[in-house]
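# A closer look at the structure
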Amino acid sequence: MITLAHLQVLSAALFCVGLYGVLARRNAVLILLAIELMLNAVNINLIGFAAFVDHEQFVGQVLAIFVITVAAAEVGLALAVLLRLYRSRASVRVDDLNMLKW
Amino acid sequence: MEWAWLAPALNFAAFGLIVLGGRRLPGQGAFLAILAIAGAFGVFWYALADFLGRGTGTYAFSVTWFKAGNVDVPWGMVLDPLALVMLGLVSFIALVIQVYSLGYMAGEERFGWYFAVHALFAGAMLAVVLADNLLLLYVAWELVGLGSYLLIGFWYERRSAAEAAKKAFVTTRLGDVGLLIGILLLFKLTGTFQLSGVFAQARELSTGVLTAATLLIFLGAMGKSAQFPLHVWLPDAMEGPTPVSALIHAATMVAAGVYLVARAFPLFELAPATLVVVALVGLVTAGIGATLALVMTDLKRVLAYSTVSNLGLMMLALGAGSIAAAIFHLVAHAFSKALLFLGAGSVMHGAERTDVREMGGLRLRMPLTAFSFAVGALSLAGFPPLSGFFSKDEVLLAVLGKGGVVFPAILVVLLGIVFLSALYLARALLLTFWGELKEENRHAHEAAGVMAVPMALLAVGAAAVGFLALRVGSLSPGFGAFLEGEGHAFRINPALTLASVAAALGGFALGYAVYQRHLFSPQRLAQRYSFLHRLLVNKYYVDHAYQWGIDRVVLAFSRGVALFDRLVVNDGGVNGTADTVRVSGLRLRYLQSGLVYNYALGIVVGVVAVALFWWLVIPRVL
Amino acid sequence: MTPSLFLFYAASALTLGGGMGVVATRNVVYAALSLLASLMGVAGIYLVLFAEFLALVQVLIYGGAIVIVVLFALMLTRLRELGGPMEHRQWPLALVGALGLFAVLAAAIARTGVPQGLERMGPPVAKVGASLFSQWAVPFEAASVLLLVALIGAIVLARPGGRD
């Protein structure tokens, strides 16, 4: 039997995988990919709750739709920014974005 | 009687006025000081008349000054025979000397300031004398010390004067600390500063505590009255102008210590151990003063050590239990010593010399000065019928009357001191005024009128005051009775009187033989007893002992404290704190790598840490 | 092992495997493709959970649009100098942090008691659609505006031109 716990654990695992990617990767685009993973993990969590807990309105699914929407918008914009950055610095390495350094 | 407070108040007012506006007034405002002290003198006569009319007793009046908690500190006066005598003495001598100063300090640039401090001093001294509570007395006491400091160091451009003033202040400070502790001790035990209150409760206190308190108070008296070993400041205080030496260091301030013990006598009576200490200290001081006066070459220093010696006598009288003898000697000594100092001042003014070895035969050029000086010297040596004779006699009587084992021994030493006093006074007198008039002194001239009149007045006083001791029918009850009641009238013991006069005559004769007739040579004596001579010339090495103490103890301690201050407080505390901040900033700034992923990692780690803390630590702690 | 459980595990394996591919591989294109795989796995999960509409949306949007865009971006930012390591120097710490967070989350999950059991239910698509246009109408419209804004913004930002 699938239980909510299964889904929560899956969601947590996927989230942490994505988190590792965000923290460890150098290429900004790859960081974006990892962020997508995290967003999906969240979605899994939401859908899970919608299925197990919310039997009337499936609010979880509605929210998940919105998450996907926003994720799409965000990816588009983020890539636009990265392109801009690439043009001026010829690199999308996050290491080089250290203007806030002491 | 209630107007007695005017005496100090007028003088303080004069001080204030001269300080504020003296420059613009004629004579830089000196006349204000003289007016004030004359006013005080007038108050004395008024009070005296009142006293004689109403009969002797104590009159007091006070007004609340401030309240602190449930302690009520008053500002008040008590006027009893003792205070009255002091009032008269201080105001008269101060008046006379201020007039003398008009001549002596003429042409001085800070003329006005001189008189201002004189007024301050007079006001403070009168406040000490009239105070009815210990706190007020202490405040005025300190002001007296301040006045002395300012006047000793009047010519502060001279290094030696500044040092002498400092020495005086610091040495008396040692005594003042004792006084303060004593006052606070009494306050703690009796709950009041009022003298009347303290005396009333004194009987209930234990002897040990009383002994401690009185010893502490005596410590204060030792400082101001130059008792051994706190006597070292008095000779150095001669750096001040001579009228200052006459007033403060002969007649008034140094008498404050004697007055203090007299005033607190009800307490001292209950602590016989302290009285023995007082007497012994007085005796030692008298001996030291007399022996050192013999070898000093500076005229003023001879007189300074003479003062030390006589102050010792006064303390000895107090230790022997007779306030009357002590105060009477105080009065006689005040007149005589002030007179001697004014004479010395006249010599300095006229011949511009202070070293007795360079003087001689000055009576030919300044006869009035010589005569006055002679009167003072003879009085102090104890020649009848001058005042010094009467007062010394009473001191001897008091010591004799004490009986026991200690005091008769003291009596013998006392007679020796009388002998020595006559000797050194003869030396001073003869070396200065008799003998050959040296070439370089031919230009010496007599003092001007404004200086001569005060000297004459003091000479009359020195001569006549002695007779106050005696009963004169129903007009005057005699000094002793005036002060202490009927049982203490002066008496004469013929044998003792004879002995003291003989000692005085003997001393004087020896002086005459050595210094006028040159029968013995002091120089050869000095060579034969060189150890003794050196001991005396170095003032018994007391100053050296003090210096050693300061160098080894005080300065060493302060070096340690300075080290602590530099290392711990400054380097550690102040600089250390700043450096810590700076260094930690230097290290911590690396946290600002500018790289967002570092910050993100920080967030994650933080979340995990908080979760762990929340789950693992909080349940255990709470 | 019921069929649904088996499907669930299969989809989870795909999801997590793809995820690890995203974060571990050296080749950026492989990473993008791993993401695609992972997202398909997620769609599978949705199916198991009776969220058919969402599975559809997932495949369409993510697989059809986002991954394509990402691949374009990767092409445009072709990096010659990317010979170096793909990870920062802090990757061990990151690993620790991520594992730690997982541990914390797992502990939290273990402590919470939640209802079990999956009901057989009818397709909730109609219900979802209805609520989307009635209860959630305002957020829905806002989301459309958001998309419009993002679109315009992306165009503005990515425009070729001198201004930096």
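Model, not experiment: these values are computed from the prediction. As a convention, each chain's residues are numbered from 1 in the sequence order in which they are written. A letter from A marks each chain and a number from 1 marks each ligand, given out in the order of writing. Local features in a predicted model are, by the rule used here, given only for residues with pLDDT of at least 70; side-chain atom pairs are given and counted only at 80 or more, and totals for whole chains, interfaces and linings are based on all residues. Side-chain numbers come from the whole structure's heavy atoms, not from hydrogens or water.

### So, the overall build of chain C
Filter applied, for reference: Counting from the N terminus, the helices are DSSP H or I runs at least four residues long and the strands are E runs at least two residues long. Exposure categories follow from relative accessible area, calculated using a 1.4 Å probe and restricted to protein chains: below 20% of the type maximum is buried, above 50% is exposed, and the middle band is partly exposed. Two residues form a contact once any of their heavy atoms are found within 4.5 Å.
In terms of helices and strands, chain C carries six helices and zero strands. Scanning chain C from its N terminus toward the C terminus, one meets helices and strands in the order α-α-α-α-α-α. Per-residue burial for chain C yields a buried fraction of 38% across its 164 residues. A sequence separation of at least 24 residues applies to 62% of the contacts in chain C between residues at least 6 apart.

### A few points about the interface of chain B and chain A
Just so we agree on the cut-off: Accessible surface is computed with a 1.4 Å probe, and the buried area is the amount of it that two parts give up when combined, taken over both parts together. A carboxyl oxygen of Asp or Glu within 4 Å of a side-chain nitrogen of Lys or Arg is what we treat as a salt bridge. Here a polar contact is taken to be a pair of N or O atoms separated by no more than 3.5 Å, where protein atoms must pair a possible hydrogen donor with a possible acceptor and residues adjacent in sequence count only if both atoms sit in side chains. Any residue that is not Ala, Val, Leu, Ile, Met, Phe, Trp, Tyr, Cys, Pro, Asp, Glu, Lys or Arg is counted as polar, Gly included; the first ten are nonpolar and the last four charged.
Facing 11 residues of chain B, the contacting portion of chain A comprises nine residues. Interface area, chain B with chain A, both sides summed: about 930 Å², of which 70% is carbon and sulfur. Counting across the interface, chain B meets chain A through zero salt bridges. At the junction of chain B and chain A, the tally comes to zero residue pairs in polar contact (both at pLDDT 80 or more). Residues that form the side of chain B that touches chain A fall into these classes: seven nonpolar, three polar and one charged.

### So, the interface of chain A and chain C
Facing 72 residues of chain A, the contacting portion of chain C comprises 86 residues. Around 7,100 Å² of area is buried between chain A and chain C when both sides are counted, 75% of it from carbon and sulfur atoms. Contact with chain C buries surface across chain A, with A:Tyr20, A:Arg25 and A:Arg84 losing the most and accounting together for 10% of the total. Our count for the chain A to chain C interface comes out at zero salt bridges. There are 10 residue pairs in polar contact (both at pLDDT 80 or more) connecting chain A and chain C. Breaking the side of chain A that touches chain C down by element, the ones donating at least two residues are helix H1 (4-24), helix H2 (28-52) and helix H3 (59-89) of chain A. Among the elements that make up the side of chain A that touches chain C, the one with the highest residue count is H3(A) (23 residues).

### Section: the pattern of salt bridges
Residues and elements named next belong to chain B. Tallying each qualifying case throughout the model produces 11 salt bridges over all chains. As a salt-bridge pair, Arg110 and Glu157 come within 2.8 Å of each other at their nearest N and O atoms. One end of the pair, Arg110, is in the loop between helix H3 (81-104) and helix H4 (111-130); the other, Glu157, is in the loop between helix H5 (134-152) and helix H6 (159-190), and 47 residues separate them in sequence. Residue Arg110 is classed as buried on the basis of its relative accessible area, which comes to 15%. Residue classification places Glu157 among the exposed positions, given a relative accessible area of 55%. Between Arg582 and Asp579 there is a salt bridge whose closest N-O contact spans 3.3 Å. In this pair, Arg582 and Asp579 both sit in helix H24 (residues 542-588), three residues apart, roughly one turn of the helix. Residue Arg582 is classed as exposed on the basis of its relative accessible area, which comes to 51%. Within the structure, one salt-bridge network assembled from shared partners comprises Glu142, Arg173, Asp176 and Lys224.

### What about the packing of helix H14 (residues 299-319) of chain B against helix H17 (residues 387-402) of chain B?
All names here are of chain B. Note the cut-off: Whenever a helix is involved, its axis is fitted only over the stretch in contact; in every case the axis is a line through C-alpha atoms, and angles between N-to-C directions fall within 0 to 180 degrees. Oblique is the label for every angle not falling under 35 degrees (roughly parallel), over 145 degrees (roughly antiparallel), or within 65 to 115 degrees (roughly perpendicular). In this scheme the crossing of two helices becomes right-handed for a clockwise turn of the near helix relative to the far one and left-handed for an anticlockwise turn of less than a right angle.
For the pair H14 and H17, interaxial distance at closest approach is 9 Å and the crossing angle is 40°. With respect to H17, the element H14 is oriented oblique. Our pair here, H14 against H17, has a crossing hand that is left-handed. The residues of H17 that touch H14, namely those facing Asn310, Leu313, Leu316, Ala317 and Gly319, are Lys392, Val395, Val399 and Lys402.

### A closer look at the packing of aromatic side chains
The description of two aromatic rings rests on the distance between their centres and on the angle between their planes. Put simply, the rule reads: Each aromatic pair joins two rings of Phe, Tyr and Trp (for Trp, the six-membered one) with centres within 6.5 Å, and gets the label stacked for planes under 30 degrees apart, edge-to-face for over 60, and tilted for any other angle.
Scanning the entire structure with this criterion turns up 19 aromatic pairs over all chains. Summarising the aromatic geometry, the rings of A:Phe66 and C:Trp136 are spaced 6.4 Å apart at their centres and angled 55° between planes, so their arrangement reads as tilted. Of this pair, A:Phe66 sits in helix H3 while C:Trp136 is found in the loop between helix H5 (125-133) and helix H6 (137-158), placing the two residues in two different chains. Judged by relative accessible area, which is 13%, A:Phe66 ranks as buried.

### Thoughts on the environment of B:Gly401
All names here are of chain B. The residue Gly401 is located in helix H17 in this model. What makes Gly401 exposed here is its relative accessible area of 66%. Considered as a pair, Gly401 and Ala320 are 81 residues apart in the sequence and their alpha carbons are 8.1 Å apart.

### A short note on the confidence of the model for chain A
Short version of the rule: On a scale of 0 to 100, pLDDT captures the predictor's confidence in every residue.
Averaged over all residues, the pLDDT of chain A is 86; the fraction at 70 or higher stands at 96%. When pLDDT is averaged over each helix and strand of chain A, the minimum, 89, is found for H3(A) and the maximum, 92, for H1(A).

### Focus on H14(B)
All names here are of chain B. Condition: Here, expected helix span is obtained from the residue count minus one, scaled by 1.5 Å.
Between its terminal C-alpha atoms H14 stretches 30 Å, which fits the 30 Å expected from 21 residues at 1.5 Å a residue. Burial runs high along H14: 20 of the 21 residues are buried. Of the residues flanking the start of H14, the one acting as N-cap is Asp298, its side-chain oxygen 2.8 Å from the backbone nitrogen of Lys300. Two residues or fewer past H14, Gly321 is found with a positive phi of approximately 100°.

### Section: the side chain of B:Thr497
Note that B:Thr497 resides in helix H21 (residues 494-516). Polar contacts involving the side chain of B:Thr497 include one to the side chain of B:Asp393, which spans 3.1 Å.

### Some points on the nonpolar core
This is how it is decided: Joining through side-chain atoms within 4.5 Å is the link that ties buried Ala, Val, Leu, Ile, Met, Phe, Trp, Tyr and Cys residues into a set, and such a set is a nonpolar core.
If you look at the biggest cluster of nonpolar residues, it comprises 204 residues, and the most contacted ones within it are B:Ile93, B:Phe218, B:Phe268, B:Leu318, B:Leu362 and B:Leu458. Among residues more than four places away in sequence, those in contact with B:Leu318 are B:Val258, B:Val261, B:Ala262, B:Phe265, B:Leu275, B:Ile323 and B:Ala326.

### A closer look at the side chain of B:Asp80
Residues and elements named next belong to chain B. Examined against the element boundaries, Asp80 turns out to sit in the loop between strand S2 (71-79) and H3. The class of Asp80 is buried, set by a relative accessible area of 13%. Within the structure, Asp80 has its side chain in polar contact with the side chain of Arg263 (distance 2.9 Å).

### As for the packing of helix H11 (residues 253-263) of chain B against H14(B)
Residues and elements named next belong to chain B. Where H11 contacts H14, the two axes come as close as 10 Å, and the packing angle between them is 5°. The angle between the axes of H11 and H14 places the two elements in the roughly parallel class. Together, Val254, Gly257, Val258, Val261 and Ala262 of H11 and Thr307, Leu311, Met314, Met315 and Leu318 of H14 make up the contact between the two elements. In terms of residue class, the contact of H11 with H14 is made up of eight nonpolar, two polar and no charged.

### Focus on the environment of B:Leu267
Residue and element names in this part refer to chain B. By the secondary structure assignment, Leu267 is in helix H12 (residues 265-269). Once the C-alpha coordinates of Leu267 and Val198 are considered, the two residues, 69 residues apart in sequence, prove to be 8.6 Å apart. Filtering out sequence-adjacent residues up to four positions away, Leu267 remains in contact with Leu186, Val198, Phe199, Ala202, Leu210 and Thr214.

### Topic: a nonpolar patch on the surface
We count it as follows: Note on patches: the residues involved have over 30% relative accessible area and no salt bridge, like charges join within 9 Å, and the nonpolar side chains Val, Leu, Ile, Met, Phe, Trp and Tyr join within 5 Å. The Shrake-Rupley method, run with a 1.4 Å probe, gives the accessible areas here. Residue values count only the displayed protein chains as cover.
A grouping of B:Leu563, B:Phe564, B:Leu567, B:Val568, B:Val569 and B:Val574 is seen on the molecular surface, where their side chains present a nonpolar patch of about 520 Å² in accessible area. B:Val574 sits in the partly exposed class, given a relative accessible area of 49%.

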